[in-house]
Amino acid sequence: MEWQIQSLGRQSSISGQKFAPGDMVVSLVYVDLDGQLARVDVLETEEAEVAVEPSSIMGRWKREVKQPGSDQEAKQQAIQSAEDLFLSLFAQNSENQDGVEDIKTLKHFLSLMLERKRLLKAVWPRSLRGTQEYIYMKTKESYTVPVVDVTPEALINMQTIIDDLVSI
């Protein structure tokens, strides 16, 4: 599966309407008809119009568009996007994702990034293969994340993907 996901759009993928502060935007990451991972950003009111097969959706999250502000606020929004994506990967079609190697890798890298930001805490002892249990600090929920071998190619690929997805 190729990863060709654009960063957060500035306008709706359906209507072309520019997002304004206060708008609720829904982002969907899905597998398109060519087997490629894609992303759409639409106003919450337009979500029902998205022509995506529900079983192909890998992740879904909702954000409120904020007023343009400081760099610190932009970083906080990027972290929130990564957090929302991580949680949505476990909420959306988890049974369809278990065999998808790229999704496992994305979950692994997002968990490491969110652990660094102290939003997730690894349950000890640390696993080197199989799965790693994490506690989401805000809700104390437990998430089982696949542990993957980190190759230089995977690291470069995931860095690009995560940067595109959450603009960190």
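About the cut-offs
Residues numbered from 1 in each chain as written. Predicted model: local features only at pLDDT ≥ 70, side-chain atom pairs only at ≥ 80, totals over all residues. Heavy atoms only, no water. Helix = DSSP H or I, 4+ residues; strand = E, 2+ residues; numbered from the N terminus. Buried < 20%, exposed > 50% of the residue type's maximum accessible area, 1.4 Å probe, protein only. Contact = heavy atoms within 4.5 Å. Areas by Shrake-Rupley, 256 points an atom, 1.4 Å probe, with all protein chains shown as cover. Pairing = 2+ DSSP bridges. Expected span 1.5 Å × (residues − 1). Polar contact = N/O pair within 3.5 Å; in protein donor to acceptor, adjacent residues only side chain to side chain.

This paragraph deals with the overall build of the protein. A tally of helices and strands in the protein yields four helices and six strands. If you list the helices and strands of the protein from N to C, you get β-β-β-α-α-α-β-β-β-α. With 168 residues in all, the protein has 42% of them scored as buried. At a minimum sequence separation of 6, the contacts of the protein that also span at least 24 residues come to 57%. For the protein, the accessible surface area stands at approximately 9,600 Å², while carbon and sulfur atoms represent 50% of it.

Here strand 5 (residues 131-136) shows one buried face, formed by Gln132, Tyr134 and Tyr136, and one open face, formed by Thr131, Glu133 and Ile135. For strand 5 and strand 6 (residues 141-146), the ladder comprises six bridges, and the chain directions are antiparallel. Counterpart to Tyr134 in the pairing with strand 6 is Tyr143. From the end of strand 5 to the start of strand 6, which pair antiparallel, there are four residues, and Lys140 there has a positive phi angle of about 65°.

Between its terminal C-alpha atoms helix 3 (residues 101-116) stretches 23 Å, which fits the 22 Å expected from 16 residues at 1.5 Å a residue. Looking at helix 3, one finds that the buried residues are Asp102, Ile103, Thr105, Leu106, Lys107, His108, Phe109, Leu110, Ser111, Met113 and Leu114.

Let us look at the side chain of Arg39. Locating Arg39 in the fold gives a position in strand 2 (residues 37-43). Separated by 3.1 Å, the side chains of Arg39 and Asp41 make a polar contact.

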